[in-house]
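Descriptive analysis of the structure
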Amino acid sequence: IPVDGFDLVIFGGTGDLARRKILPGLFRRFCAGQMPEDARIIGAARSEMDDAAFRETVAEAIREFGGAQGADEALAEAFLERVGYEHVDATGETGWESLKGRLRDGVVRAFYFSVAPSLFGALAERLRSFGLADDESRVVVEKPFGKDLETAKALNATLAEHFDETQIYRIDHYLGKETVQNLMAVRFGNMLFEPLWNAQYVDHIQITVAETVSVAGRGSYYDTSGAMRDMVQNHLMQLLCLIAMEPPARFNPDAVRDEKLKVIRALDPVDHHQVVRGQYEADDTQPGYRTHVDDLRSTTESFVALKCHISNWRWAGTPFYLRTGKMLRSRTSEIAVVFKDAPHSIFGPEAGTHRNVLAIRLQPNEGMTLGVTIKEPGPGGMRLVDVPLDMTFAEALGPDAEEVPDAYERLIMDVIRGNQTLFMRGDEVEAAWAWTDPIIAGWKRRGDVPKPYDPGSNGPEDALMLMHRDGRKWREIK
Ligand code: NAD
């Protein structure tokens, strides 16, 4: 279904994110027939170039990142007709009047801030003072949203000077992933899971976001951030909220975001014994973290594992284990709900203990697996084995299913539709920082040094111990 006509201005339109994600994503939505005739995309950035030169950079981006249709020149040509460029200085006067002249009345106006967060304030201010934005316009802001509670509050206050909360779309692209939305469909669309979704039946929940990439190429930024700020405060906490929240009364933006906020506010402070930081070492083929960030004494973490508790009626006593890191064994993201043992085994101790696990995979092969215990086939008596009921979405929905949009495509279309459900509200972001700040401050106070781990491993040994001492273990990063 096509969205309404729009003018989308991408500040930072020549940058890396626009080239790899935003522009190819828009192209794919165009190919899917979702972009109406009167859609316009205007790149706005510091480089001096004209429409034709910008279109050439967009054409390259489409060829490289636009998927199979990126090679279709006729489609690319038709898309590029909607694309223009304005040389704009976010902190000066250049380009603003001219950019304003390109905008039309009667269509949705959206401004994507794909620039360094230090420019958000200047952009917001100029959008208003030059009269480009009004009370109907939308602004999209990228991560990082602050580096602690104080900076996030300042950023929220700056945006609030110029825009109402209903106009602000804070991107966390994890929320745009198909599986993440499926998590809500599975929880709230079925009778099967929700009655068991609580401390009485769930032993614990694990959330893993493992990456194989290093920080090479973005070391100078990453070293000021670390895994806690770069991944846990936003992506992992968003996943935690969706898995743990109460059912909202409606699937509408504030109903969903109110419930997520309640989860964050119910999180207990984390004891420092329940957090493990790691930093990857060098191996035979490549340098380690400290070489990548060009600081041989850096104590920034490229890995975090932690155990936390949500103090409410549903989850009291159920631990949540979170871990994320760079340079790990494989690129695996999943949420695993590990159910408790059956209260009594009628098959005797030799049958062993078996647990149901619902694993929701974000990557690779988005899908879900439910581990079910059955009888081992054959005449050997009542021996039990665990088998996976596996549903890979792509297979289950078949080849005729519409191509699953990438997270960015979906989220940008939601901006045009005016649907904020999958965007973070200002108070959510602040609450998340209020929870992570003391953990980070504690490391600093104690002079904590991250534990080394080998590239291609599961992270530092201490992270394994975090679960072992509770008599549990991490699921394998395959
Ligand atoms: P980049 O450095 O590649 O591009 C920056 C863009 O900002 C360029 O188009 C540049 O011309 C423009 N710019 C800089 N100063 C300007 C000024 N004074 N006036 C107008 N334009 C100006 O950055 P990026 O990697 O594309 O990242 C953009 C934003 O997205 C950042 O906030 C970043 O944290 C965030 N982000 C990036 C990624 C990624 O994968 N690259 C992922 C998540 C979030």
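What counts, and at which threshold
Residues numbered from 1 in each chain as written. Predicted model: local features only at pLDDT ≥ 70, side-chain atom pairs only at ≥ 80, totals over all residues. Axes fitted to C-alpha atoms, helices over the stretch in contact; angles between N-to-C directions. Helix = DSSP H or I, 4+ residues; strand = E, 2+ residues; numbered from the N terminus. Parallel < 35°, antiparallel > 145°, perpendicular 65-115°, else oblique. Contact = placed C-beta atoms within 7 Å. Nonpolar A, V, L, I, M, F, W, Y, C, P; charged D, E, K, R; others polar. Bend = angle between axes of the 7 residues up to and from the residue. Buried ≥ 20, exposed ≤ 12 C-beta atoms within 10 Å, placed from the backbone. Near = placed C-beta within 6 Å. UniProt positions renumbered as here; feature names shortened; annotations may be inferred. Domains from an automatic or database assignment. Core = buried A, V, L, I, M, F, W, Y, C linked by C-beta atoms within 7 Å. Pairing = 2+ DSSP bridges. pLDDT = per-residue confidence, 0-100.

A few words now on the packing of helix α5 (residues 120-129) against helix α6 (residues 149-162). Running from N to C, α5 and α6 point in directions that differ by 5°, and their axes come no closer than 9 Å. It follows from the interaxial angle that α5 and α6 lie roughly parallel. Counting all contacts with α5, which are made through F120, G121, A124, E125, L127 and R128, the residues of α6 involved are L155, T158, L159 and H162. Tallied by class, the residues present in the contact of α5 with α6 amount to five nonpolar, three polar and two charged.

Moving on: helix α8 (residues 219-244). Its axis deflected by about 95° at G226, α8 carries its strongest bend there. α8 sits mainly inside the fold: 20 of its 26 residues count as buried.

The next thing to look at is the site of the ligand. Near the ligand lie 23 residues; those nearest to it are G12, G15, L17, A45 and A90. The leading source of residues in the shell around the ligand is helix α1 (residues 16-31), at three residues. Among the residues forming the shell around the ligand, the class breakdown is 11 nonpolar, seven polar and five charged.

As a further point, take the packing of α8 against helix α9 (residues 253-266). The N-to-C vectors of α8 and α9 enclose an angle of 105°; their axes lie 9 Å apart at closest approach. On the basis of their axis angle, the class for α8 and α9 is roughly perpendicular. Contacts between α8 and α9 involve M237, L240, C241 and A244 on the former and, on the latter, K260, V263 and I264. Tallied by class, the residues present in the contact of α8 with α9 amount to six nonpolar, no polar and one charged.

As annotated by UniProt and renumbered to match this structure, "binding site: substrate" (unreviewed entry) occupies H173, K177, E211, D230 and K326. Tracing the backbone through its elements, the reader meets H173 in the loop between β6 (168-170) and α7 (178-189). H173 sits in the partly exposed class, given 19 other C-beta atoms within 10 Å. Once residues within four sequence positions are removed from consideration, H173 is found in contact with A407, Y408 and L411. Counting through the fold element by element, D230 comes out in helix α8. Assessed through the 23 C-beta atoms surrounding it within 10 Å, D230 is described here as buried.

What follows covers the domain arrangement of the protein. The accessible area lost on association of the parts is a frequent measure of interface size. Per the domain assignment, the segments making up the protein are domain 1 (6-142) and domain 2 (175-402 + 423-468). Here domain 1 and domain 2 have C-alpha centroids that lie 34 Å from each other.

In this section: the nonpolar core. Core analysis: the largest hydrophobic core is formed by 124 residues, its most contacted members being F11, Y112, F113 and L240. For this core, the element with the highest residue contribution is α8, accounting for 13 residues. Looking at this core, you find at least three residues from each of domain 1 (6-142) and domain 2 (175-402 + 423-468). Setting aside chain neighbours within four positions, we find F11 in contact with A44, A45, A90, F111, Y112, F113, S114, V115 and L123.

To summarise the sheet geometry, strands pair through backbone hydrogen bonds and adopt either a parallel or an antiparallel arrangement. If you walk across this open sheet you meet the six strands as β3-β2-β1-β4-β5-β6, and the pairing is parallel. This sheet does not close on itself; its edge strands, each paired only once, are β3 (83-87) and β6. Pairs of neighbouring strands in the sheet enclose a mean axial angle of 20°, with direction left out of account. In this structure, strand β4 (residues 108-113) lies alongside strand β5 (residues 138-141), joined through four bridges in parallel fashion.

Across four bridges, the pairing between strand β12 (residues 357-363) and strand β13 (residues 367-375) is antiparallel. Its bridge partner lying in β13, I360 is registered against M368. In sequence, β12 turns back onto β13 through a hairpin of three residues, with N365 there showing a positive phi of about 55°.

Confidence along the protein averages 94 in pLDDT terms, with 99% of residues attaining 70 or more. Taken over the whole predicted complex, pTM reads 0.95, whereas the ipTM for its chain interfaces reads 0.98.

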